[in-house]
Amino acid sequence: MHPDVSADLESLNTTLTTVEKVMDLDELRRTISELEMQASDPDLWNDQDHAQQVTSALSHAQSELRKVTELRGRLEDMPVLYELAEAEEGAARTEALADADTEREQLRSDIEAMEVKTMLAGEYDSREAVVNIRAGAGGVDAADWAQMLMRMYIRWAEQHGHKVEVYDTSYAEEAGLKSATFAVKDPYMYGTLSVEQGTHRLVRISPFDNQGRRQTSFAEVEVLPVVEQTDHIDIDENDVKVDVYRSSGPGGQSVNTTDSAVRLTHIPTGIVVTCQNEKSQLQNKASAMRVLQAKLLERKRQEERAQMDALKSDTGASWGNQMRSYVLHPYQMVKDLRTGVENNNPGNVLDGDLDQFIEAGIRWRMNDDDQ
């Protein structure tokens with residue numbers, strides 16, 4: 001085996017060993033054993049919310065253990081792959097070595113992705129996420145852009161097997177969305193997706209302009225951690241104004257036939273939350289209350305962060321700034337303005353191929369927090 005290959009495999013082994021130590025595999029196995037015992041309890045489903053938390057946590061823990069175990073197995077197989085390749089002759093040897101190199105590069109990418117996951121150690125990083133998308137400047141193009149972003153994140157979640165629950169979609173008059181709210185319901189989704197928060201900018205030839213002019217439009221992405229019982233986010237019922245109304249949307253869905261949509265206004269803060277995607281008014285009110293709690297938790301978190309930031313010097317870029325540009329004309333490129341990561345295939349990115357941006361964002365945030 002070539003010395004450069006041996007050195008690279010040793011480097012990958014060092015990284016993977018660090019990942020295994022941070023994940024604490026013995027503790028992870030103990031956690032899985034405890035969750036399996038809870039999951040086998042016939043009384044578990046008497047409390048459906050708790051049961052779903054247990055089964056979700058078990059599935060996530062088993063998946064993480066399986067992934068890191070598979071990485072270790074693939075790394076241990078690499079020297080054998082190279083030995084078998086070097087035993088070949090002529091064109092077969094060249095092809096086998098190229099295949100081994102390809103597997104090594106893929107293994108490096110997978111180990112680095114796992115390493116990024118170990119960086120999710122913030123107070124709320126392990127939570128599920130609530131994502132709000134709002135159309136910004138740009139008229140009908142901005143509303144269309146908001147809908148494209150919602151599709152992008154839902155496609156990303158589906159590709160990774162994460163469950164998505166849509167709480168609210170407020171449609172614009174001509175096309176697209178004024179706003180949308182949905183939850184990505186798996187552990188560590190807040191830590192993963194929180195780096196997507198900020199202003200997303202789209203440059204393209206507008207499909208809504210009959211003169212075919214270039215249009216720049218903006219949409220705002222907000223990511224919130226889902227509230228848990230331990231958070232102590234108490235909301236006084238007297239502080240919440242509740243309005244019910246008929247849901248709106250394209251076509252004639254059954255949700256439009258009754259006053260099932262709910263709007264909650266939190267009077268002390270002025271925060272407004274709507275939910276209209278369930279058929280039942282009670283379900284919509286419960287979902288809206290979860291989103292309101294998440295917004296109040298985020299408000300509390302930002303106030304605490306502001307107090308911490310006041311003790312530091314200038315912290316550089318803020319979450320609310322423009323953070324990514326998607327250019328479809330006159331050239332094709334998606335560029336993250338914080339990390340410098342670029343992708344020359346916007347179609348793939350808008351179809352959910354976000355991992356390189358998310359992983360770079362998590363590394364950027366960790367470095368930013370260390371400064």
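Before any of the text, the structure's been laid out above.
Note that this is a predicted model, so its numbers are computed, not measured.

### Concerning the overall build of the chain
Scanning the chain from N- to C-terminus turns up nine helices and 11 strands. Dimensions of the chain along its principal axes, counting C-alpha atoms only, are 75 × 65 × 50 Å. Counting the 371 residues in the chain, one finds 41% classified as buried. Within the chain, counting contacts between residues at least 6 apart in sequence, those at least 24 apart form 64% of the total. Of the side-chain charges in the chain, 39 are positive and 67 negative, and the distance between the mean point of each set is 6 Å.

### What about the nonpolar core?
Ranked by internal contacts, the top residues of the largest apolar core, which has 59 residues, are Ile133 and Tyr326. A total of 10 residues in this core trace back to one element, the largest contributor, which is helix H5 (residues 139–159). Residues in contact with Tyr326, not counting those within four places in the same chain, are Trp145, Leu149, Met152, His200, Arg201, Leu202, Val203, Met333, Val334, Val349 and Leu350. Formed by 27 residues, the second largest nonpolar core is a distinct cluster that contains Leu12, Leu44, Leu71 and Ala85.

### Re the packing of aromatic side chains
Scanning the model with the defined rule gives one aromatic pair in all. Between Trp145 and Tyr326 the ring centres are 4.8 Å apart and the planes differ by 70°, which places this aromatic pair in the edge-to-face class. With Trp145 in helix H5 and Tyr326 in strand S9 (residues 322–327), this residue pair connects regions lying 181 residues apart in the sequence. The buried category is assigned to Trp145, whose relative accessible area is 0%. The ring of Tyr245 has Arg263 lying over it, and the distance from NZ or CZ to the ring centre is 4.6 Å.

### Some words on H5
The terminal C-alpha atoms of H5 lie 31 Å apart, and with 21 residues this matches the ideal 30 Å at 1.5 Å per residue to within 8%. Of the residues flanking the end of H5, it is Gly161, one or two places downstream, whose phi is positive at about 75°.

### Notes on the pattern of salt bridges
When their charged atoms lie close together, side chains carrying opposite charge are able to pair. Scanning the model with the defined rule gives 28 salt bridges in all. Among the salt bridges present, the one from Asp351 reaches Arg151, with a minimum N-O distance of 2.9 Å. One end of the pair, Asp351, is in the loop between helix H8 (346–350) and helix H9 (355–370); the other, Arg151, is in helix H5, and 200 residues separate them in sequence. Taking the relative accessible area as the measure of exposure, Arg151 reaches 43% and is therefore partly exposed. Arg324 is the salt-bridge partner of Glu196, the closest N and O atoms lying 2.7 Å from each other. Of the two residues, Glu196 is situated in the loop between helix H6 (189–193) and strand S4 (198–205) and Arg324 in strand S9; the sequence distance between them amounts to 128 residues.

### Points about unusual backbone geometry
A cis geometry characterises the amide bond from His329 onward to Pro330, with omega recorded as 10°. Looking at the secondary structure, you find Pro330 in the loop between S9 and strand S10 (333–336). Positioned with a positive phi, Asp24 is a non-glycine residue whose angle comes to about 50°. The class for Asp24 is partly exposed, based on a relative accessible area of 36%.

### Details of the pairing of S9
Most of S9 sits inside the fold, with five of its six residues counted as buried. Alignment of S4 against S9, held across five bridges, turns out to be parallel. Within the sheet, the bridge partner assigned to Leu202 lies in S9 and is Tyr326. Relative to S10, S9 runs antiparallel, the two sharing four bridges. Bridge pairing in S10 places Val327 opposite Met333. In this structure, the hairpin formed by S9 and S10 is closed by a connection of five residues.

Conventions and cut-offs
Residues numbered from 1 in each chain as written. Predicted model: local features only at pLDDT ≥ 70, side-chain atom pairs only at ≥ 80, totals over all residues. Heavy atoms only, no water. Helix = DSSP H or I, 4+ residues; strand = E, 2+ residues; numbered from the N terminus. Buried < 20%, exposed > 50% of the residue type's maximum accessible area, 1.4 Å probe, protein only. Contact = heavy atoms within 4.5 Å. Lys, Arg positive; Asp, Glu negative; His and termini not counted. Charge placed at Lys NZ, Arg CZ, Asp CG, Glu CD. Core = buried A, V, L, I, M, F, W, Y, C linked by side-chain atoms within 4.5 Å. Phe/Tyr/Trp six-rings, centres within 6.5 Å; stacked < 30°, edge-to-face > 60°. Lys NZ or Arg CZ within 6 Å of the ring centre and 35° of its normal. Expected span 1.5 Å × (residues − 1). Salt bridge = Lys/Arg side-chain N within 4 Å of Asp/Glu carboxyl O. Pairing = 2+ DSSP bridges.

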